[in-house]
Amino acid sequence: MKYPKVLRVETGLMSSQSDEASSDMLDYRVYACVPRWWRRLEELLHLDIYLALRARAAQHRYDIVWAGSEKVGIPLSFIGLRKPLVVVAHHLESPAKAELVRMTGIAKRWAGIGYISNESRDFFVRQIGIPAGRLFQFESAKYLSKVTPTEKTSDGPIISAGVAKRDYATLIKALADLPGYETELLVSSKFGDKLKSNIKINIPEWVCFTDFMPDDELMKHYERARFVIVPLESTTHRGAGINVVLEAAAFGKAVIATKTGGMSTFVKDGETGILVPPYDVEAMRSAIQKLWTQPGLARQMGLAGRCHVEAHFDPVAVNSNITAFLKKIHLASVAPD
(Lines give C-alpha, C1' and ligand atoms only; values in the text may rest on other atoms or scores of the structure.)
Protein backbone atom coordinates (compact mmCIF):
# COMPACT_ATOMS: atom_id res chain seq x y z
CA MET A 1 0.00 0.00 0.00
CA LYS A 2 1.26 3.49 -0.87
CA TYR A 3 2.27 5.71 2.05
CA PRO A 4 -0.59 8.08 2.91
CA LYS A 5 -0.18 11.80 2.33
CA VAL A 6 0.28 13.43 5.72
CA LEU A 7 -0.06 17.09 6.69
CA ARG A 8 2.30 17.75 9.59
CA VAL A 9 1.24 20.59 11.86
CA GLU A 10 4.19 21.45 14.10
CA THR A 11 3.96 23.71 17.15
CA GLY A 12 7.29 25.39 16.61
CA LEU A 13 9.41 27.02 13.95
CA MET A 14 11.07 24.33 11.87
CA SER A 15 14.37 25.23 10.26
CA SER A 16 14.31 25.50 6.48
CA GLN A 17 17.47 23.37 6.53
CA SER A 18 15.80 20.67 8.63
CA ASP A 19 15.25 17.26 7.12
CA GLU A 20 11.69 17.55 8.44
CA ALA A 21 10.86 20.80 6.65
CA SER A 22 8.66 20.31 3.58
CA SER A 23 5.74 21.74 1.64
CA ASP A 24 3.50 19.30 3.54
CA MET A 25 4.16 21.04 6.85
CA LEU A 26 2.59 23.94 8.70
CA ASP A 27 4.49 25.58 11.53
CA TYR A 28 4.74 28.94 13.31
CA ARG A 29 5.67 30.73 10.11
CA VAL A 30 1.93 31.07 9.47
CA TYR A 31 1.79 33.57 12.34
CA ALA A 32 3.77 36.18 10.40
CA CYS A 33 0.53 37.95 9.42
CA VAL A 34 -1.37 37.40 12.69
CA PRO A 35 -1.83 40.35 15.12
CA ARG A 36 0.35 40.14 18.21
CA TRP A 37 -2.67 40.39 20.52
CA TRP A 38 -4.10 37.20 19.00
CA ARG A 39 -0.85 35.32 19.51
CA ARG A 40 -0.69 36.47 23.14
CA LEU A 41 -4.23 35.18 23.67
CA GLU A 42 -3.20 31.80 22.28
CA GLU A 43 -0.15 31.75 24.54
CA LEU A 44 -2.36 32.37 27.57
CA LEU A 45 -4.62 29.49 26.52
CA HIS A 46 -1.65 27.25 25.58
CA LEU A 47 -3.46 26.46 22.33
CA ASP A 48 -2.47 27.14 18.70
CA ILE A 49 -5.90 27.96 17.32
CA TYR A 50 -4.89 29.84 14.17
CA LEU A 51 -2.48 27.07 13.23
CA ALA A 52 -5.36 24.59 13.60
CA LEU A 53 -7.58 26.74 11.36
CA ARG A 54 -4.91 26.78 8.66
CA ALA A 55 -4.62 23.00 8.90
CA ARG A 56 -8.38 22.59 8.54
CA ALA A 57 -8.32 24.71 5.38
CA ALA A 58 -5.58 22.52 3.87
CA GLN A 59 -6.90 19.12 4.99
CA HIS A 60 -8.61 18.26 1.69
CA ARG A 61 -5.21 17.68 0.06
CA TYR A 62 -4.16 15.04 2.61
CA ASP A 63 -5.09 11.61 3.96
CA ILE A 64 -4.04 12.21 7.58
CA VAL A 65 -3.43 15.30 9.71
CA TRP A 66 -0.50 14.93 12.13
CA ALA A 67 -0.55 17.32 15.12
CA GLY A 68 2.93 17.68 16.57
CA SER A 69 1.49 18.62 19.98
CA GLU A 70 -1.81 18.72 21.85
CA LYS A 71 -1.50 22.53 21.63
CA VAL A 72 -2.78 22.20 18.07
CA GLY A 73 -4.38 18.76 18.43
CA ILE A 74 -6.99 20.00 20.91
CA PRO A 75 -8.33 22.89 18.77
CA LEU A 76 -8.25 20.65 15.69
CA SER A 77 -10.65 18.36 17.56
CA PHE A 78 -13.31 21.08 17.80
CA ILE A 79 -13.24 22.75 14.38
CA GLY A 80 -14.74 20.15 12.09
CA LEU A 81 -11.69 18.21 10.91
CA ARG A 82 -12.79 15.48 8.52
CA LYS A 83 -9.53 13.56 8.12
CA PRO A 84 -8.04 11.13 10.66
CA LEU A 85 -6.15 13.07 13.34
CA VAL A 86 -2.93 11.80 14.90
CA VAL A 87 -1.64 13.72 17.93
CA VAL A 88 1.77 13.59 19.56
CA ALA A 89 0.95 14.18 23.23
CA HIS A 90 3.67 16.01 25.13
CA HIS A 91 1.86 17.03 28.31
CA LEU A 92 -1.71 15.81 28.43
CA GLU A 93 -1.11 14.74 32.02
CA SER A 94 -1.30 18.33 33.25
CA PRO A 95 -4.37 18.68 35.50
CA ALA A 96 -6.20 21.15 33.23
CA LYS A 97 -5.60 19.22 30.02
CA ALA A 98 -6.33 15.86 31.61
CA GLU A 99 -9.67 17.17 32.90
CA LEU A 100 -10.54 18.61 29.48
CA VAL A 101 -9.75 15.30 27.81
CA ARG A 102 -11.86 13.36 30.31
CA MET A 103 -14.85 15.73 30.07
CA THR A 104 -14.93 15.97 26.27
CA GLY A 105 -13.65 12.52 25.31
CA ILE A 106 -11.69 14.05 22.43
CA ALA A 107 -8.66 11.79 22.84
CA LYS A 108 -10.86 8.76 22.21
CA ARG A 109 -11.68 10.22 18.80
CA TRP A 110 -8.06 10.66 17.78
CA ALA A 111 -6.94 8.04 15.27
CA GLY A 112 -3.60 7.71 17.03
CA ILE A 113 -1.63 9.15 19.92
CA GLY A 114 2.14 9.36 20.03
CA TYR A 115 3.49 8.96 23.55
CA ILE A 116 6.78 10.25 24.92
CA SER A 117 7.48 7.88 27.83
CA ASN A 118 6.22 4.58 29.19
CA GLU A 119 4.59 6.50 32.03
CA SER A 120 2.63 8.55 29.48
CA ARG A 121 1.54 5.39 27.67
CA ASP A 122 0.26 3.93 30.95
CA PHE A 123 -1.59 7.18 31.71
CA PHE A 124 -3.49 7.03 28.41
CA VAL A 125 -4.45 3.39 28.85
CA ARG A 126 -5.35 3.37 32.56
CA GLN A 127 -6.71 6.86 33.17
CA ILE A 128 -8.06 8.00 29.79
CA GLY A 129 -9.16 4.59 28.48
CA ILE A 130 -7.31 4.66 25.15
CA PRO A 131 -6.82 1.19 23.63
CA ALA A 132 -3.13 0.28 23.49
CA GLY A 133 -3.44 -0.38 19.76
CA ARG A 134 -4.07 3.33 19.11
CA LEU A 135 -0.83 4.37 20.81
CA PHE A 136 2.63 4.52 19.28
CA GLN A 137 6.10 5.41 20.53
CA PHE A 138 7.22 8.76 19.18
CA GLU A 139 10.53 9.53 20.88
CA SER A 140 13.86 8.31 19.52
CA ALA A 141 17.58 9.01 19.97
CA LYS A 142 18.22 11.13 16.89
CA TYR A 143 22.01 11.32 17.36
CA LEU A 144 22.36 7.55 17.55
CA SER A 145 23.65 6.95 14.01
CA LYS A 146 25.85 10.05 14.03
CA VAL A 147 28.24 9.14 16.85
CA THR A 148 30.25 6.19 18.10
CA PRO A 149 31.08 6.28 21.81
CA THR A 150 34.66 5.71 22.85
CA GLU A 151 35.61 3.02 25.36
CA LYS A 152 37.91 5.45 27.22
CA THR A 153 36.99 7.35 30.36
CA SER A 154 36.82 11.12 30.05
CA ASP A 155 38.44 13.74 32.27
CA GLY A 156 36.43 16.58 30.74
CA PRO A 157 33.85 18.70 32.55
CA ILE A 158 30.39 17.73 33.73
CA ILE A 159 27.76 18.91 31.26
CA SER A 160 24.20 20.01 31.92
CA ALA A 161 21.96 21.31 29.16
CA GLY A 162 18.47 22.53 28.42
CA VAL A 163 15.92 25.01 29.71
CA ALA A 164 12.42 23.58 30.13
CA LYS A 165 11.50 22.58 33.71
CA ARG A 166 15.14 22.84 34.81
CA ASP A 167 16.17 23.17 38.45
CA TYR A 168 19.68 24.57 38.13
CA ALA A 169 19.50 26.03 41.64
CA THR A 170 19.63 22.55 43.23
CA LEU A 171 22.49 21.53 40.93
CA ILE A 172 24.53 24.64 41.72
CA LYS A 173 23.97 24.24 45.45
CA ALA A 174 25.21 20.64 45.17
CA LEU A 175 28.31 21.76 43.26
CA ALA A 176 29.08 24.58 45.70
CA ASP A 177 30.79 22.13 48.09
CA LEU A 178 32.64 20.29 45.30
CA PRO A 179 35.57 22.54 44.36
CA GLY A 180 37.33 21.52 41.17
CA TYR A 181 34.32 19.70 39.77
CA GLU A 182 34.32 21.68 36.54
CA THR A 183 30.81 21.99 35.14
CA GLU A 184 29.38 23.63 32.03
CA LEU A 185 25.71 24.69 32.08
CA LEU A 186 24.35 24.99 28.55
CA VAL A 187 21.29 26.98 29.54
CA SER A 188 19.86 27.57 26.09
CA SER A 189 17.44 26.05 23.65
CA LYS A 190 17.24 25.73 19.88
CA PHE A 191 13.55 26.64 20.28
CA GLY A 192 14.33 30.02 21.84
CA ASP A 193 13.17 29.03 25.33
CA LYS A 194 14.52 30.90 28.33
CA LEU A 195 14.69 30.12 32.02
CA LYS A 196 11.51 31.36 33.68
CA SER A 197 13.33 32.44 36.85
CA ASN A 198 16.74 33.86 37.65
CA ILE A 199 19.20 31.79 39.67
CA LYS A 200 19.60 33.94 42.78
CA ILE A 201 22.50 32.12 44.40
CA ASN A 202 26.26 32.48 44.23
CA ILE A 203 27.82 30.63 41.32
CA PRO A 204 31.05 28.74 42.18
CA GLU A 205 34.04 29.61 40.01
CA TRP A 206 34.22 26.04 38.71
CA VAL A 207 30.71 26.34 37.26
CA CYS A 208 30.27 28.30 34.03
CA PHE A 209 27.36 29.16 31.75
CA THR A 210 27.64 28.96 27.97
CA ASP A 211 25.67 30.66 25.22
CA PHE A 212 23.45 28.92 22.70
CA MET A 213 25.39 26.73 20.27
CA PRO A 214 24.42 24.85 17.09
CA ASP A 215 24.10 21.08 17.13
CA ASP A 216 27.55 20.38 15.72
CA GLU A 217 29.16 22.37 18.53
CA LEU A 218 26.88 20.81 21.15
CA MET A 219 27.96 17.35 20.00
CA LYS A 220 31.60 18.24 20.73
CA HIS A 221 30.65 19.17 24.29
CA TYR A 222 28.87 15.87 24.80
CA GLU A 223 31.85 14.00 23.41
CA ARG A 224 34.29 15.38 25.99
CA ALA A 225 31.90 15.34 28.96
CA ARG A 226 32.63 13.15 32.01
CA PHE A 227 28.93 12.64 32.47
CA VAL A 228 25.70 14.59 32.02
CA ILE A 229 23.26 15.98 34.60
CA VAL A 230 19.60 16.78 33.98
CA PRO A 231 18.21 18.62 37.05
CA LEU A 232 14.44 19.02 36.90
CA GLU A 233 11.65 20.64 38.84
CA SER A 234 8.92 18.40 40.19
CA THR A 235 6.55 18.20 37.22
CA THR A 236 3.80 16.16 35.60
CA HIS A 237 5.53 16.80 32.26
CA ARG A 238 6.76 13.32 31.37
CA GLY A 239 8.86 14.55 28.47
CA ALA A 240 10.93 17.09 30.40
CA GLY A 241 14.66 16.61 29.93
CA ILE A 242 14.50 13.51 27.78
CA ASN A 243 16.17 14.98 24.69
CA VAL A 244 19.32 15.69 26.69
CA VAL A 245 19.24 12.20 28.20
CA LEU A 246 18.95 10.56 24.78
CA GLU A 247 21.69 12.77 23.34
CA ALA A 248 24.00 11.95 26.24
CA ALA A 249 23.28 8.22 26.00
CA ALA A 250 24.04 8.25 22.27
CA PHE A 251 27.53 9.45 23.20
CA GLY A 252 27.84 6.77 25.86
CA LYS A 253 27.65 9.20 28.78
CA ALA A 254 26.22 8.32 32.18
CA VAL A 255 23.32 10.55 33.28
CA ILE A 256 22.33 11.91 36.67
CA ALA A 257 18.71 13.07 36.49
CA THR A 258 15.88 14.09 38.75
CA LYS A 259 13.37 11.29 39.16
CA THR A 260 10.28 13.05 37.91
CA GLY A 261 7.94 12.91 34.93
CA GLY A 262 8.83 10.01 32.65
CA MET A 263 12.55 9.95 33.42
CA SER A 264 12.52 6.30 34.55
CA THR A 265 11.83 5.32 30.93
CA PHE A 266 15.12 6.81 29.81
CA VAL A 267 17.49 6.46 32.79
CA LYS A 268 17.73 3.06 34.48
CA ASP A 269 18.72 3.89 38.04
CA GLY A 270 21.99 2.21 38.98
CA GLU A 271 22.49 0.84 35.46
CA THR A 272 22.67 3.70 32.95
CA GLY A 273 22.84 6.51 35.49
CA ILE A 274 21.54 7.74 38.82
CA LEU A 275 18.08 9.14 39.62
CA VAL A 276 17.70 11.56 42.54
CA PRO A 277 14.57 13.01 44.23
CA PRO A 278 13.44 16.54 43.26
CA TYR A 279 15.12 19.43 45.12
CA ASP A 280 17.38 17.07 47.11
CA VAL A 281 20.75 18.82 47.24
CA GLU A 282 22.44 16.09 49.29
CA ALA A 283 21.33 13.31 46.95
CA MET A 284 22.47 15.33 43.94
CA ARG A 285 25.87 16.02 45.54
CA SER A 286 26.33 12.36 46.47
CA ALA A 287 25.53 11.22 42.92
CA ILE A 288 27.96 13.74 41.43
CA GLN A 289 30.75 12.67 43.80
CA LYS A 290 30.13 9.02 42.99
CA LEU A 291 30.54 9.40 39.24
CA TRP A 292 33.36 11.97 39.48
CA THR A 293 35.48 9.80 41.79
CA GLN A 294 34.67 6.56 39.96
CA PRO A 295 35.30 7.29 36.25
CA GLY A 296 35.21 3.58 35.45
CA LEU A 297 31.68 3.35 36.83
CA ALA A 298 30.64 6.44 34.88
CA ARG A 299 32.01 4.85 31.70
CA GLN A 300 30.25 1.54 32.44
CA MET A 301 26.93 3.30 32.99
CA GLY A 302 27.41 5.39 29.86
CA LEU A 303 27.97 2.36 27.66
CA ALA A 304 24.95 0.66 29.25
CA GLY A 305 22.95 3.79 28.41
CA ARG A 306 24.08 3.55 24.80
CA CYS A 307 22.91 -0.09 24.67
CA HIS A 308 19.58 0.94 26.21
CA VAL A 309 18.83 3.55 23.55
CA GLU A 310 20.03 1.26 20.76
CA ALA A 311 17.53 -1.35 21.94
CA HIS A 312 14.56 0.94 22.59
CA PHE A 313 15.03 4.32 20.86
CA ASP A 314 16.66 3.57 17.51
CA PRO A 315 15.21 6.20 15.15
CA VAL A 316 15.18 3.77 12.21
CA ALA A 317 13.03 1.29 14.12
CA VAL A 318 10.81 3.99 15.66
CA ASN A 319 10.20 5.69 12.31
CA SER A 320 9.47 2.33 10.65
CA ASN A 321 6.84 1.59 13.30
CA ILE A 322 5.28 5.04 12.83
CA THR A 323 5.12 4.52 9.07
CA ALA A 324 3.35 1.19 9.53
CA PHE A 325 1.00 2.78 12.06
CA LEU A 326 0.01 5.60 9.69
CA LYS A 327 -0.57 3.14 6.86
CA LYS A 328 -2.90 1.16 9.11
CA ILE A 329 -4.85 4.31 10.01
CA HIS A 330 -5.22 5.25 6.36
CA LEU A 331 -6.33 1.77 5.38
CA ALA A 332 -9.01 1.86 8.08
CA SER A 333 -10.19 5.30 6.95
CA VAL A 334 -10.74 4.28 3.31
CA ALA A 335 -12.14 0.82 4.00
CA PRO A 336 -15.83 0.46 3.04
CA ASP A 337 -18.30 0.37 5.93
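Every residue gets a number counted from 1 within its own chain, in the order that chain's sequence is written. For this predicted model, a pLDDT threshold of at least 70 governs which residues receive local features, and a threshold of 80 or more governs which side-chain atom pairs are given and counted, while totals over whole chains, interfaces and linings are taken from all residues. With hydrogens and water stripped out, all remaining heavy atoms of the structure feed into the side-chain values.

A. Geometry of the nonpolar core. Residues grouped as a nonpolar core are buried Ala, Val, Leu, Ile, Met, Phe, Trp, Tyr and Cys residues, joined through side-chain atoms within 4.5 Å. Exposure categories follow from relative accessible area, calculated using a 1.4 Å probe and restricted to protein chains: below 20% of the type maximum is buried, above 50% is exposed, and the middle band is partly exposed. By size, the foremost hydrophobic cluster in this structure holds 44 residues, and its most contacted members are Trp66, Tyr222, Val228, Val230, Val255, Met263 and Leu326. A per-element tally of this core places helix 8 (residues 242-250) first, with seven residues. With residues up to four places along the chain from it excluded, the contact list for tyrosine 222 reads Tyr143, Ala161, Val228, Val244, Glu247, Ala248, Phe251 and Lys253. Formed by 36 residues, the second largest nonpolar core is a distinct cluster that contains Ala52, Ile79, Ala98 and Trp110. Counting from the N terminus, the helices are the DSSP runs of H or I reaching at least four residues and the strands are the DSSP runs of E reaching at least two. Contacts are assigned to residue pairs with any non-hydrogen atoms lying within 4.5 Å of each other.

B. Local environment of helix 6 (residues 168-175). Counted residue by residue, helix 6 has six buried out of eight residues, so it is predominantly covered. Against strand 7 (158-161), strand 8 (183-186), strand 9 (207-209), strand 10 (228-230) and helix 10 (281-293) lie the buried residues of helix 6.

C. Structural view of the sheet that holds strand 6 (residues 135-137). Note on pairing: two strands pair once DSSP finds at least 2 bridges between them. Spatially, six strands are ordered 2-1-3-4-5-6 in an open sheet, and the strand pairing comes out parallel. Taken across any chain shown, the strands that pair with only one partner, and hence form the sheet edges, are strand 2 (25-26) and strand 6. Two strands pair when backbone bridges link them, and strand 4 (residues 85-88) and strand 5 (residues 112-115) are joined in this way by three bridges, in the parallel orientation. Each residue of the ladder has a partner; that of valine 87, found in strand 5, is isoleucine 113.

D. Main features of helix 8. Counting buried residues in helix 8 gives eight out of nine residues, a clear majority hidden from the surface. Within the span of helix 8, buried status applies to Ile242, Val244, Val245, Leu246, Glu247, Ala248, Ala249 and Ala250. Among the residues trailing helix 8, glycine 252 stands out with phi positive, at a value near 75°.

E. A nonpolar patch on the surface, seen in detail. Taken together, the side chains of Trp37, Leu41 and Leu45 present a nonpolar region at the surface, about 330 Å² in accessible area. Tracing the backbone shows tryptophan 37 in helix 1 (residues 36-45). Look at tryptophan 37 and you get exposed, because its relative accessible area is 59%. Residues with no salt bridge and a relative accessible area higher than 30% make up the patches, which join like charges within 9 Å and nonpolar side chains (Val, Leu, Ile, Met, Phe, Trp, Tyr) within 5 Å. Method for areas: the Shrake-Rupley scheme with a 1.4 Å probe, in which residue coverage is limited to the protein chains shown. When a carboxyl oxygen of Asp or Glu is within 4 Å of a side-chain nitrogen of Lys or Arg, the pair counts as a salt bridge.

F. Fine view of the environment of lysine 259. Note on placement: lysine 259 falls in the loop between strand 11 (255-258) and helix 9 (263-266). Of the residues examined, lysine 259 reaches a relative accessible area of 52% and is grouped as exposed. In the structure, lysine 259 is positioned 16 residues away from leucine 275 in sequence and 5.2 Å away in space, judged by C-alpha atoms. Sequence-distant contacts of lysine 259, defined by excluding residues within four places in its chain, comprise Ser264, Leu275, Val276 and Pro278.

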